[in-house]
Amino acid sequence: EAGVTQFPSHSVIEKGQTVTLRCDPISGHDNLYWYRRVMGKEIKFLLHFVKESKQDESGMPNNRFLAERTGGTYSTLKVQPAELEDSGVYFCASSQASLPPRRASYNEQFFGPGTRLTVL
Amino acid sequence: AQSVSQHNHHVILSEAASLELGCNYSYGGTVNLFWYVQYPGQHLQLLLKYFSGDPLVKGIKGFEAEFIKSKFSFNLRKPSVQWSDTAEYFCAVIPFGNAGKSTFGDGTTLTVKP
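Residues numbered from 1 in each chain as written. Chains lettered and ligands numbered in written order. Predicted model: local features only at pLDDT ≥ 70, side-chain atom pairs only at ≥ 80, totals over all residues. Heavy atoms only, no water.

**Observations concerning the overall build of chain B**
Then comes step 1: Summing up its helical and strand segments, chain B has zero helices and twelve strands in all.
Then comes step 2: Seen in sequence order, chain B has helices and strands lined up from the N terminus as β-β-β-β-β-β-β-β-β-β-β-β.
Then comes step 3: Computed over the C-alpha atoms, the radius of gyration of chain B is 13 Å, within 12% of the 13 Å expected from 2.2 N^0.38 for a compact globule of 114 residues.
Then comes step 4: The dimensions of chain B, computed from C-alpha atoms along their principal axes, are 40 × 25 × 20 Å.
Then comes step 5: Counting only residues that meet the buried cut, chain B has 47% of its 114 residues in that class. (Helix = DSSP H or I, 4+ residues; strand = E, 2+ residues; numbered from the N terminus. Rg over C-alpha atoms; globule rule 2.2 N^0.38 Å. Buried < 20%, exposed > 50% of the residue type's maximum accessible area, 1.4 Å probe, protein only.)

**What about the interface of chain A and chain B?**
Then comes step 1: Contacts between the two partners involve 23 residues from chain A, matched on the other side by 22 residues from chain B.
Then comes step 2: Summed over both sides, the interface between chain A and chain B buries roughly 1900 Å², with carbon and sulfur atoms accounting for 57% of that surface.
Then comes step 3: Note that Asp56(A) is salt-bridged to Lys101(B), the shortest N-O span being 3.7 Å.
Then comes step 4: Seen at the junction of chain A and chain B, the total is six residue pairs in polar contact (both at pLDDT 80 or more).
Then comes step 5: Looking at the side of chain A that touches chain B, the elements with two or more residues in it are strand 4 (31-37) and strand 5 (43-50) of chain A.
Then comes step 6: In terms of residue class, the side of chain A that touches chain B is made up of eleven nonpolar, six polar and six charged. (Contact = heavy atoms within 4.5 Å. Buried area = accessible area lost by both parts, 1.4 Å probe. Salt bridge = Lys/Arg side-chain N within 4 Å of Asp/Glu carboxyl O. Polar contact = N/O pair within 3.5 Å; in protein donor to acceptor, adjacent residues only side chain to side chain. Nonpolar A, V, L, I, M, F, W, Y, C, P; charged D, E, K, R; others polar.)

**Some remarks on the side chain of Ser73(B)**
Then comes step 1: With respect to the element layout, Ser73(B) can be found in strand 9 (residues 73-78).
Then comes step 2: Judged by relative accessible area, Ser73(B) falls into the buried class, the value being 6%.

**Details of the side chain of Arg69(A)**
All names here are of chain A.
Then comes step 1: For Arg69, the location among the structural elements is in the loop between strand 7 (65-68) and strand 8 (75-79).
Then comes step 2: Here Arg69 sits buried without a salt bridge, and the closest side chain of opposite charge, Asp30, lies 5.9 Å off (N-O distance).
Then comes step 3: Looking at Arg69, its side chain comes within polar contact range of the main-chain oxygen of Asp30, at 2.5 Å.
Then comes step 4: For Arg69, the side chain forms a polar contact with the main-chain oxygen of Thr73, separated by 2.7 Å. (Lys, Arg positive; Asp, Glu negative; His and termini not counted.)

**What to know about the state of the cysteines**
Then comes step 1: Taken as a whole and assessed by the stated rule, the structure comprises two disulfides over all chains.
Then comes step 2: Across a sulfur-sulfur distance of 1.8 Å, Cys23(A) and Cys92(A) are joined as a disulfide pair. Every disulfide takes its handedness from the sign of the S-S torsion; for Cys23(A) and Cys92(A) that torsion is -60°, giving left-handed. Within this pair, whereas Cys23(A) is found in strand 3 (residues 19-24), its partner Cys92(A) is found in strand 9 (residues 88-95), the two being separated by 69 residues in sequence.
Then comes step 3: The class of Cys23(A) is buried, set by a relative accessible area of 0%.
Then comes step 4: Between the sulfur atoms of Cys23(B) and its disulfide mate Cys91(B) the distance is 1.9 Å. Here the S-S torsion is close to -70°, and the disulfide linking Cys23(B) with Cys91(B) is therefore left-handed. Of this pair, Cys23(B) sits in strand 4 (residues 23-26) while Cys91(B) sits in strand 10 (residues 87-95), and the two are 68 residues apart along the sequence.
Then comes step 5: Exposure remark for Cys23(B): the relative accessible area of 0% places this residue in the buried category. (Disulfide = S-S within 2.5 Å.)

**Side note on the environment of Val11(B)**
Then comes step 1: By the secondary structure assignment, Val11(B) is in strand 2 (residues 10-14).
Then comes step 2: Along the sequence, Val11(B) and Phe34(B) sit 23 residues apart, while their C-alpha atoms lie 19 Å from each other.

**Some points on the environment of Thr108(B)**
All names here are of chain B.
Then comes step 1: Of note, Thr108 is situated in strand 12 (residues 108-113).
Then comes step 2: Residue Thr108 is classed as buried on the basis of its relative accessible area of 0%.
Then comes step 3: Along the chain, Thr108 and Ser5 lie 103 residues apart, while their C-alpha atoms are 10 Å from each other.
Then comes step 4: If near-sequence neighbours (up to four positions away) are discounted, Thr108 is found in contact with Gln6, Asn8, His9, His10, Val11, Leu21, Ala87, Glu88 and Tyr89.

Here is the structure:
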């Protein structure tokens, strides 16, 4: 079974340019998460999709970031225009549909390899 | 908001030494706790998790972690490390019912010298 894939693996762009990151979750996984790790700090949550709907986007830094998940399959994260502080590693993760609330409300998240974004 | 603190940013050990990586979290309610590992050039992968029950959980590759609720801690241990354990380790918390939104610590880089 294929894991979570992300494209590109690396991206180097200049300040002010636009970059689009892509994540393909494991087939059949309803939940898709974006995380970011900046400068060796903690991995921070950006947003969570359930199928094509944004469940939680409380971690999105500002309106220069736009995430979509058309048809509930792959997701894109666009940064426009990119700033220096956007540099970091962007991780995507996916998990199966949530369990009933009376049981553990968590299914294991499977992470992609990440996209390393460098903004010059 | 919850936070996760990992005590050591970089740990260097010799093979066969014992390992303990500290993790403390701040959240008053029920939580699910995780340790992830990222080997050089590889994906982040789940090492072990705690949901409920026995506070001592065992994971892959001989790792274990103990949940101490009174101390808000979830320390990772391994009795005897190997060179292949060289990796970065992340502690993470998901509050119960929070639909998988994880809060991670800063990570601890472990270097095991052969």
